[in-house]
Amino acid sequence: MKKDEQFVITINRELGSGGRTVGEKLAKKLDVPFYDKALVKALEKEYHLTVEEIERLKGQKDNWWTDFKRKVMLFDETAKAQYYKIGNDGQPELITSEAMFKTESRLLEEIASAESCVIAGRSGFYVFRKHPNHLSILIQAPMESRIKRIMGKKPITKEEAEKIIKEVDKSRENYVNKFTGTSRYDTRNYDLVINMDGKTEEEAVDLILKYIG
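Okay, so let's go over this structure. (Residues numbered from 1 in each chain as written. Predicted model: local features only at pLDDT ≥ 70, side-chain atom pairs only at ≥ 80, totals over all residues. Heavy atoms only, no water.)

1. Here we look at helix α8 (residues 158-180)
Taking 1.5 Å of rise per residue, the 23 residues of α8 would be expected to cover 33 Å, and the 32 Å separating its terminal C-alpha atoms lies within 8% of that figure. Among the residues of α8, those classed as buried are Ala161, Ile165, Glu167, Val168, Asp169, Ser171, Arg172, Glu173, Tyr175, Val176, Phe179 and Thr180. Among the residues trailing α8, glycine 181 stands out with phi positive, at a value near 75°. (Helix = DSSP H or I, 4+ residues; strand = E, 2+ residues; numbered from the N terminus. Expected span 1.5 Å × (residues − 1). Buried < 20%, exposed > 50% of the residue type's maximum accessible area, 1.4 Å probe, protein only.)

2. Comments concerning the pattern of salt bridges
Overall, the coordinates contain 9 salt bridges when judged by the stated rule. When the shortest N-O distance is used, the salt bridge between lysine 166 and glutamate 162 registers 3.1 Å. Here glutamate 162 and lysine 166 lie together in helix α8, a separation of 4 residues that amounts to about one turn. Classification of lysine 166 as partly exposed rests on a relative accessible area of 48%. Overlapping salt bridges, with partners in common, bring together Glu14, Arg146 and Asp169 in one network. (Salt bridge = Lys/Arg side-chain N within 4 Å of Asp/Glu carboxyl O.)

3. Considering the sheet that holds strand β2 (residues 34-35)
If you walk across this open sheet you meet the 5 strands as β2-β5-β1-β6-β7, and the pairing is parallel. The open sheet has two edge strands with one neighbour each: β2 and β7 (192-195). Pairing between strand β1 (residues 8-13) and strand β6 (residues 134-140): 6 bridges, direction parallel. The residue of β6 that forms the bridge with arginine 13 is isoleucine 139. (Pairing = 2+ DSSP bridges.)

4. Considering the environment of arginine 106
Note on placement: arginine 106 falls in helix α5 (residues 98-114). C-alpha of arginine 106 to C-alpha of valine 127: the two residues are 21 residues apart in sequence and 8.6 Å apart in space.

5. Looking at the nonpolar core
Core analysis: the biggest nonpolar cluster contains 22 residues, and Ile9, Leu26, Val118, Ile137 and Ile208 have the highest contact counts within it. Secondary-structure elements contributing two or more residues to this core are β1, α1 (19-30), β5 (117-120), β6, β7 and α9 (201-212). If near-sequence neighbours (up to four positions away) are discounted, leucine 26 is found in contact with Ile9, Ile11, Val118, Val205, Ile208 and Leu209. Listed in part, the 9 residues of the second largest apolar core include Val8, Cys117, Ile119 and Val127. (Core = buried A, V, L, I, M, F, W, Y, C linked by side-chain atoms within 4.5 Å. Contact = heavy atoms within 4.5 Å.)

6. Some words on the pairing of β5
Remark: a regular strand shows side chains that alternate across the two faces of the sheet. Side chains of β5 alternate between two faces, with Cys117 and Ile119 and Val118 and Ala120 buried alike. Bridge count for β1 against β5 is 4 bridges, and the pairing is parallel. By the bridge assignment, isoleucine 11 is partnered in β5 with alanine 120. Looking at chain direction, β2 and β5 are connected through 2 bridges and run parallel. Residue pairing across strands places phenylalanine 34 opposite valine 118, the latter belonging to β5.

So, to be careful, I would describe these as geometric facts and stop short of saying anything about function.
So, in structure tokens, the structure goes:
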């Protein structure tokens, strides 16, 4: 990846690995925007977007990107997108559709076409697989570290934290497999894989910056 040209960095991460925080800190270091699922979902909610509506919005507004970003900032703290739920059989259910995946993919493409950025999740590794200046990163962590991190954010037991992690892991894998035909754990999808065991978020960011050069 050439950081002196317009680029997109995508970060796929395991729940509780600290990957989102790494993405935010990396974006600040590179002085570019950071986007995650809540921000993308906020745009969908605000505009009620479909792929066709994105094109219509672009045609109607010369300053559509300025308005686009304003909506992102507006909903930054309030958007709480929920993509997974537990069904009646106790198994995680995927709340999505092919149309939603196409719309989200198009939104990400529009974001990256307008400016350099860091994007967390959203199957970015697949969406930007043919992008000429794309760096794809996977951030993982041992289960015990993930459990500890989740417990630090919610007043839950170790068993409850582990259950949440396993449910989300399964749901995210189902999502990626259904719409990309590959696995989020397939390291061939990434340029850089980081195990957070023994590393701070700052150290992970430094590792990525050294990799970029």
